[in-house]
Amino acid sequence: MGRSLLTAALALALAGCGGTAAPAGSSTGGITPGPSPSPSPTPTATCSLRARQDWAAAQIREWYLFPQTLPATLDPTPYATVSDYIDALTATARGQGRDRFFTYLTSIASEDAYLNSGSTAAFGIRLQTDSVARRVFVADAYENAPALAAGIDRGAEIIGIGTSETDVKTVDSILAGGGAAALTDAFGPTTAGVTRVLRLASGTGTRDVTITKADFSIEAVSPRYGVQILDDGGTKVGYVNLRTFISPAEPALRNAFASFRAAGITRVIVDLRYNGGGLVSTAEYLADLMGDNRFASDVIDYTTYRPEKSSSNQTRAFRRQSQSVAPMKLAFIGTGDTASASELVINAFTPYFKANSALIGTNTFGKPVGQIPLDRAACDDRLRVVAFATENADRQGGYFNGLASTVGASCAASDELLYPMGDPRENSTRIALDSLAGRSCTAISTAAKTQTASASASKRSLLMPNRPDPAQRDLPGTF
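Bear in mind the structure is a predicted one, so any value in this text is a computation, not a measurement.

**Q** In this structure, what is going on with the side chain of D423? I would like to understand it.
**A** Summarising the element assignment, D423 is placed in the loop between strand 19 (409-412) and helix 13 (427-437). The exposure class of D423 is buried, given its relative accessible area of 14%. Within polar-contact distance, the side chain of D423 engages the side chain of R425 at 2.7 Å.

**Q** What is the right way to read the nonpolar core from this model?
**A** Nonpolar side chains tend to gather and get buried jointly when the protein is soluble and globular. In terms of nonpolar packing, the biggest core is built from 78 residues, with L242, F257, L286, M290, F332, F349 and L383 touching the most fellow members. Sorting elements by how many residues they give to this core places helix 12 (residues 341-353) first, with seven residues. Among all residues touching F332, those that are not within four sequence positions of it are V270, L272, M290, V345, I346, F349, S357, A358, L359 and I360. In this structure, I161, V171, L175 and L183 belong to the second largest nonpolar core, which totals 23 residues.

**Q** What's the story with the packing of aromatic side chains in this structure? I'm lost.
**A** One pair of aromatic rings is described through two measures. These are the centre distance and the angle between the planes. Under the criterion given, the structure shown has twelve aromatic pairs. Aromatic side chains W63 and Y305 sit 6.3 Å apart centroid to centroid with 70 degrees between the ring planes, which places their arrangement in the edge-to-face category. One end of the pair, W63, is in helix 4 (residues 49-63); the other, Y305, is in strand 13 (residues 299-305), and 242 residues separate them in sequence. You'll find W63 and Y305 in the same group, each marked buried. Where F318 meets Y352, the ring centres are 5.8 Å apart and the plane angle is 75 degrees; that geometry is what we call edge-to-face. Note that F318 is positioned in the loop between strand 14 (314-317) and strand 15 (329-334) and Y352 in helix 12, a separation of 34 residues in sequence.

**Q** Whenever I open this one, helix 9 (residues 171-186) confuses me. Can you help?
**A** For an α-helix, the turn length of 3.6 residues means that residues three or four places apart are oriented alike. With 16 residues, helix 9 should cover 22 Å at 1.5 Å per step; its first-to-last C-alpha distance of 9 Å lies more than 12% under that length. Of all bends in helix 9, the biggest is about 125 degrees, found at G178. The set of residues buried in helix 9 consists of V171, I174, L175, L183, T184 and A186. Contacts from the buried residues of helix 9 go to strand 3 (125-130), strand 4 (135-141), strand 5 (157-162), strand 6 (169-170) and strand 7 (195-202). Following helix 9 by one or two positions, G188 has its phi on the positive side, about 85 degrees.

Definitions and cut-offs
- Residues numbered from 1 in each chain as written.
- Predicted model: local features only at pLDDT ≥ 70, side-chain atom pairs only at ≥ 80, totals over all residues.
- Heavy atoms only, no water.
- Helix = DSSP H or I, 4+ residues; strand = E, 2+ residues; numbered from the N terminus.
- Buried < 20%, exposed > 50% of the residue type's maximum accessible area, 1.4 Å probe, protein only.
- Polar contact = N/O pair within 3.5 Å; in protein donor to acceptor, adjacent residues only side chain to side chain.
- Core = buried A, V, L, I, M, F, W, Y, C linked by side-chain atoms within 4.5 Å.
- Contact = heavy atoms within 4.5 Å.
- Phe/Tyr/Trp six-rings, centres within 6.5 Å; stacked < 30°, edge-to-face > 60°.
- Expected span 1.5 Å × (residues − 1).
- Bend = angle between axes of the 7 residues up to and from the residue.

What follows is the structure in structure tokens.
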């Protein structure tokens, strides 16, 4: 049963899509279509805590990529939630670094809304925290969302949060008192109508902004900065920034590469610095758009299940699109928040480009595995279970420590919030241009498993709740 059949089996439940995957409390994602969900009995008996736990355990035992790590038996009684029980079942693989909360339970309705349209309820900002200085910065602001409409954009610092102007608490005190968990709580639940007062620092003082969370659809490719043709000393360079791998991204990617093709672009920057993953199909489509010089037999990725599920294995080759370009050099901007489907794309080009495909920034998250969705509609339960591994054409996979040690070339760079992404003055963008032009750079260190977006200057990382919603899993830092 190949992936095309898996997609067909889930067409009604998933509108032809896969589903997202990412670790709770981490920043990563990854998606693929999955097998047919088990039949959903009537909710009266089947949606009790015990019934839901038993169902989740049965699916994990059938599909889990690392079955040898599962406990022979595990009584669900001590666990207060289905998620707690799932975490206990997968604890061994998690301890080995192979399943860092990648197997989890989510809502069918909320995940479908996000995957099919980018829909979420939020202020519409992406937040970075500095754990040393106890500060919070805005790394990105989404179009059509409340925060940007209120004048909050990349580079802004939030120094206080409250439910009204009379109870604003400083970010420093919130982080000092309860860490990242207290900070995520301060921003309130992911529900439309939740209002907060954010105190912002500026060069001239501070200002308080009252904003309310609203339902909106996230633009996977920003219409403000997401697609650009940069001039580097007379050489045209195509720049595309992809926030997340969801189906609505594909038309925007087509338009981006059509403009690159028309301009004769042969050098491309793909900015995935905050991209936690998404649909494998969209990742493969992005690869297609950079594969005009690839043969139809050239492999993007191999998808491999555990031996008894090998009938689901699949090989995906390049498929040229009318908008495809034939780059001579590629530069991928990544950070420790770049994961899963993002890493699949970067890894896919290493066998063909060698040193002409470079990773810019820091080491990536390290997620060479993906999840399938298993649904129990009566309970609105979707189990995302790690079921397959991905490898490139050279059968390179297993990069649980990130891609910095396997890519053909790398250049260390910081994530500079002072300038917009894609601005040649911004450090990662500038270093990417240097790499494409053959100018020297310092290679990314592989000493640490992952690195933050500006490890040399601070401990900034994207803020994640312990139990992220679908948008937060694939767009880490979203609030």
